[in-house]
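Results of the structural survey
One letter stands for each residue in the lines below.
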Amino acid sequence: MKASWSVGLVVFVGACGGEEPAPRTTASGSPAATAHAPTQTAAADAPSASDSSAPRRDLVDEAAARGLDYVNRSGEPGKRTVLEANGAGVAVLDLHGDGDLDLVFTQGCPSLAALLQGPGADLEIFHNDGAGKFTRAAGPGLSGWWNGVVAGDLDNDGDADLIVGGFGALRVLLQNESGELVPGPEPMPNDPHARLTPGEAREAGHPPLWVTSLALLDADTDGVLDVYVGQYLELDPVAPPVGKLGSGPLAAPCEWKGYEVFCGPHGMKPQPDRFLRGVGDGSFVDDTARALPNHVAGFTLAVAPFDFEGDGDTDLYVANDSVANLLLLNDGRGSFTDVAYSAGVAVSMDGRAEAGMGVAFGDVDRDGDQDFALTNFSGEPTALYFATPRGFTNETFRFGLQRESRALLSWSVHLTDFDGDGWLELATSNGHVYPQADLADTGTTYGQRATLWRLTARGAERTLARIEPHGADSVLAPRLGARGTAVGDFDGDGAPDLVLNRIDGPAALGMNRFGAANRLVVRCVGPLRSERAEGATAGRTSADALGARVILVPAVEKGAEEHALLARVDTSVGYQSSSTPWLHFGLGASTSYTNLRVIWPSGKVEELGPGAAGRRITIKEGRGIVSEEKLP
Amino acid sequence: MKRALRPLLVAFGVVGALEGALFAAGRAQTADVSSPAQRGEESKRIERERVERERELVERWRDTLLIDRPKEVLAEAEKHAADAPWNGEALALAARAAFMARGRDEALAWLARTPVAPETTAWIELERARIELESDELPKALALLLRDANERAPKLAPYPDAWLYTGRAWTRLGETARGAAFLARFVELAPFDVEAPSALHALAQEALARNDGAAATNYLRRADEHAKWQSYRRVRVLQVRESPDEPLPRLGLAQLWLQARDAERAKRVLAELLARCPEYAAGWFHLGEAERLSDALPAALEAYTKALEFEPEHVLARHNRGTIHRLAGRTSEARSDYERIVDGPRAADKTALNSHLALARLLAASGEPEAAQRRYARYRELGGAEALAP
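Residues numbered from 1 in each chain as written. Chains lettered and ligands numbered in written order. Predicted model: local features only at pLDDT ≥ 70, side-chain atom pairs only at ≥ 80, totals over all residues. Heavy atoms only, no water.

Observations regarding the nonpolar core
By size, the foremost hydrophobic cluster in this structure holds 41 residues, and its most contacted members are Leu126, Tyr159, Trp170, Phe186, Leu203 and Tyr219 of chain B. Looking at this core, the elements with two or more residues in it are helix H6 (121–134), helix H7 (138–145), helix H8 (160–172), helix H9 (176–189), helix H10 (196–209) and helix H11 (213–242) of chain B. The dominant element in this core, judged by the number of residues it contributes, is H10 of chain B, at seven residues. Discounting residues that sit within four places of it in the chain, Phe186 of chain B has contacts with Pro160, Asp161, Trp163, Leu164, Asp193, Glu195, Ala196 and Ala199 of chain B. Membership of the second largest hydrophobic core comes to 38 residues, among which are Met188, Val569, Leu596 and Ile619 of chain A. (Core = buried A, V, L, I, M, F, W, Y, C linked by side-chain atoms within 4.5 Å. Buried < 20%, exposed > 50% of the residue type's maximum accessible area, 1.4 Å probe, protein only. Helix = DSSP H or I, 4+ residues; strand = E, 2+ residues; numbered from the N terminus. Contact = heavy atoms within 4.5 Å.)

Side note on the confidence of the model for chain A
Chain-level statistics for chain A give a pLDDT mean of 90 and a share of 91% at 70 or above. When the criterion is pLDDT under 50, residues 1–51 of chain A qualifies, and its contacts beyond four places in sequence or with other chains add up to 117 contacts. (pLDDT = per-residue confidence, 0-100.)

Observations regarding the interface of chain A and chain B
A common way to state how big an interface is: give the accessible area lost once the parts meet. With 37 residues of chain A at the contact, the number on the chain B side is 48 residues. Together chain A and chain B conceal approximately 3,600 Å² of surface at their shared face, both sides included; 53% is due to carbon and sulfur atoms. Here chain A is connected to chain B by eight salt bridges. The interface formed by chain A and chain B contains 17 residue pairs in polar contact (both at pLDDT 80 or more). Secondary-structure elements contributing two or more residues to the side of chain A that touches chain B are helix H1 (3–6), strand E13 (252–253), strand E14 (255–256), helix H4 (340–343) and helix H5 (401–405) of chain A. No other element matches H5 of chain A, which puts three residues into the side of chain A that touches chain B. Of the residues contributing to the side of chain A that touches chain B, the split by class is 18 nonpolar, 10 polar and nine charged. (Buried area = accessible area lost by both parts, 1.4 Å probe. Salt bridge = Lys/Arg side-chain N within 4 Å of Asp/Glu carboxyl O. Polar contact = N/O pair within 3.5 Å; in protein donor to acceptor, adjacent residues only side chain to side chain. Nonpolar A, V, L, I, M, F, W, Y, C, P; charged D, E, K, R; others polar.)

A look at the confidence of the model for chain B
Residues and elements named next belong to chain B. When the pLDDT values of chain B are averaged, the result is 91; 91% of them are 70 or greater. Ranking the elements of chain B by mean pLDDT puts helix H1 (residues 5–11) last with 40 and helix H15 (residues 297–310) first with 98. Here residues 1–20 is modelled with pLDDT under 50, and outside its nearest four sequence neighbours on either side it reaches 39 contacts, counting other chains as well. Predicted confidence is poor over residues 25–31, with pLDDT under 50, and the contacts of this stretch with residues over four places away or in other chains come to 16 contacts.

As for the state of the cysteines
Residue and element names in this part refer to chain A. For the structure on display, the rule yields one disulfide over all chains. Each sulfur of the disulfide joining Cys254 and Cys263 lies 2.0 Å from the other. Its torsion about the S-S bond being 95 degrees, the disulfide of Cys254 and Cys263 is classed as right-handed. The pair formed by Cys254 and Cys263 is uniform in burial state, with each residue classed as buried. (Disulfide = S-S within 2.5 Å.)

Examining unusual backbone geometry
In this chain, Gly264 of chain A is followed by Pro265 of chain A through a cis amide linkage whose omega measures -5 degrees. Relative to the elements of secondary structure, Pro265 of chain A occurs in the loop between strand E15 (259–260) and strand E16 (274–278). Ala84 of chain B connects to Pro85 of chain B through a cis peptide bond whose omega is -10 degrees. If you trace the backbone, Pro85 of chain B turns up in the loop between helix H3 (70–79) and helix H4 (88–102). A positive phi angle is found at Lys257 of chain A, which is not glycine, with a value near 55 degrees. Its place among the elements puts Lys257 of chain A in the loop between E14 and E15. Note on Lys257 of chain A: relative accessible area 10%, which makes it buried.

Overview of the pairing of strand E30 (residues 482–488) of chain A
Each regular strand carries side chains that alternate between the two faces of the sheet. Residue and element names in this part refer to chain A. Burial within E30 is extensive, with seven of its seven residues counted as buried. Sheet analysis places E30 next to strand E31 (residues 497–502), joined by five bridges and oriented antiparallel. Residue pairing in the sheet places Val487 in a bridge with Leu498 of E31. (Pairing = 2+ DSSP bridges.)

Side note on the sheet that holds strand E2 (residues 90–93) of chain A
Residues and elements named next belong to chain A. In space, the four strands of this open sheet follow the order E2-E3-E4-E5, with antiparallel pairing throughout. Both outer strands of the open sheet, E2 and strand E5 (134–137), are each paired with one neighbouring strand and no more. Strand after strand, the sheet turns through a mean of 25 degrees between neighbouring axes, direction not considered. Note: E2 against strand E3 (residues 102–105), four bridges, orientation antiparallel. If you follow Ala91 over to E3, its bridge partner there is Val104. (Axes fitted to C-alpha atoms, helices over the stretch in contact; angles between N-to-C directions.)

Structural notes on the pairing of strand E33 (residues 519–525) of chain A
All names here are of chain A. With respect to burial, E33 is a largely interior element, seven of its seven residues being buried. The alternating pattern of E33 places Arg519, Val521, Arg523 and Val525 on one face and Leu520, Val522 and Cys524 on the opposite face, and all of these are buried. Bridging between E33 and strand E36 (residues 583–586) involves four bridges; their strand directions are antiparallel. Within the sheet, the bridge partner assigned to Val522 lies in E36 and is Leu583. Both E33 and strand E40 (residues 615–620) contribute to a ladder of six bridges, which runs parallel. Across the sheet, Val521 pairs through a bridge with Arg616, a residue of E40.

Focus: the packing of H4 of chain B against helix H5 (residues 104–111) of chain B
Residues and elements named next belong to chain B. In contact at an axis separation of 7 Å, H4 and H5 are set at 165 degrees when each is read in the N-to-C sense. One finds that H4 runs roughly antiparallel with respect to H5. Crossing of H4 over H5 shows right-handed handedness. Contacts from Leu91, Ala92, Ala94, Ala95, Ala98, Phe99 and Arg102 in H4 reach Arg104, Glu106, Ala107, Trp110 and Leu111 in H5. Within the contact of H4 with H5, the residues separate by chemical class into nine nonpolar, no polar and three charged. (Parallel < 35°, antiparallel > 145°, perpendicular 65-115°, else oblique. Left-handed = near helix turned anticlockwise from the far one by under 90°.)

Next up, the structure:
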């Protein structure tokens, strides 16, 4: 039965093996003008509006030209502790309510000793002028070593607020009427050692709280956002383990590939995650016991909200470092049960608990449910899971992602249609945790390029095509490690851009230069606190409509493949970062859509009928499209 | 060197290993012998030593890869690159190290680099399949592993890895039910293989997919147990490499092999331990346990005796030695050992409880009922619950 060897279902596109595959070549041997697979020529998917004679470009790093001068500090170059390797995040949010997207970066310190000595780092804020030019603004005056950040309207007043966490700190920042982020109440645990105050004397033996990624969601659909606080491990800042864990003859060396490296997470104690219930005014109460009754601590690095069963409530996927991941199923009232094993997403397809780093959801196969990508450590592929009626199927190997990504240590991840062709791209930020990766025979490198792949999934056919950087100014070109990344349209052209927080270096701002495409940009908003009717507290949509699902059906020519595109409003995407709440639909060759449906967290469904692409629209719950503008 | 230790260490290759080529059978190692019989014996000895050398090397390289040090394997492999023919399993491990450290092309180059002994070529074929599998070339991997896609057994069925790779390739292609049959066989063949937890997990997932919750739970439980065992093993191997002269890590490693009921592996580890710490009573005791597990009671007796030489109050060694005496019909020696425990300074220890009962039973069987009752009463006093009559 020879035919079965060829399988015939798998189409691998792009080059083989390793971190830097060669560009796919045409029959004549010259680099292909685009990385599209031959199987991707269906009329509905071709970005018809683009000028095929123009040189191909992708995400052009315009950080310096646009005034983004953030430079990350993440400890010492040698990385003596795991804290120094995890890097920082970035949040995309609208400050001042002027309709453009501003940036807030978290920041670390030059060393652990510097943190203890103080002063710690503040957040770094950059205001957008509306055209994508940034100006540094004063920070909120925090002091610490900051990792994860997430934006959302915590007090339902119509503007975006922020929660930021780090090593020994968790702060709420509420946006005031002047667009400033003002520190609010601190949702810290009662443990007096949980807080690390830079400059204050501290005894050894008391590891502080360590927050990595944060997720905002409305767990009980009361119209108020709650927070899942992902926490990492117990690291004693005064006497961190160096060289080995334990003592005496049974001490275990901290090593990787035979080289001494920083200790952890293996052999260290994970910190349990927490769940904070939103009150509605920007304050929170610790509701961990009720929300996470059987929680098992697991070195959380990323957490992302999604809707597992399509029942309208928000579930969570938690990416754990080195231990099984969690799929926390919401009972509808905000109490979660881990069903990762039964859903097939706890461990790899080979049954290995891998080092989950980042997670992003998106409808890769365009079947109306949320698939997801999960980044992992080097030697472990970035995993791709497709939603099915009874869980997920692991599509990693059928896409050839192991071959493509196993040498990479990937962090943040996005499933976003950057080129507007109607299929999602998979973007990952990469970079090893160990500087020793550059030594001989590690099979990987410390600095790693960011990667972007086109994905298509038609029936049983899978294609994966790596987008090679168009030139040295592409954010995909430099071999530099990055950690947190976020997506947002910074110059208002309707195309999603990508901001990268590079570890120990300047941030990159990848402006989308894929060319013109048919797009629709959608913003969903719910009722403000002031607009709410008194009484009912359940079945509400929050002011920024996190959790709203939008289904768009592109109009296609007769004979072309019909499909629907699903997107969900969430800001907690990737790793330690927060992306835009605006939804970016690429319509491929279609210049219009036949239907647009919004399923609000409250349970209400709005059918908005057909419409044209090339617009940016705002939909308010119960009121349809309340504003629209033509994209340039 | 202690008399009892020498043969053991030679047998396990800890001492007496010949210097020089690893894989070239007999090269530069033939002693000057004259008669055909002597020559025959000599060549058998050389062959035994070669096999032992290769086994030791393969085991060490597997451990080295277990702790993720591919460059060490590569460095050693490079030194012996000119030897020929290689043992196929060793060459496959060198290629695996090359894959881990340098990528697919280097790994394939290693596999083609040197001829291998004909009886070991299967390892090369398996490693090729593994490389294809790890490169997402799933159909290619299956083509190497199976004669026909409908085959229910791999071409190299005696090799557990062939079952693992075939099961994994089918599973990765989404054919989980088909993969499960191969993975189940792999787990049967190699329950303590480093990949066993992974295979058990995959089996659990497949059981869940067909709604067999009980099977899934069972597989998951076993997967967790095996994963824990593997994780301890990895740490112990690391500790041994880190502190080679410390007895505890090697003892821990030997205990893990005893737990896996692999007495031969345990004996080899203990031989290494005792070569470094010949007066380490716990090492001798565990060697006795390993010998006992392989039904080598005289060797076990000798090992327990050595343990007692260095720690006369080692309760378990003395009890087990007494039991071997009793089984061999040497009642007075057995009685003497049991009495030494129950009348000794550790008589009230939990570990001594069985000795009270054993002595009581021995006395009863020897026609001393009163003494037996007295000893039995003491046994009950200390918390024993078994009846006097066995």
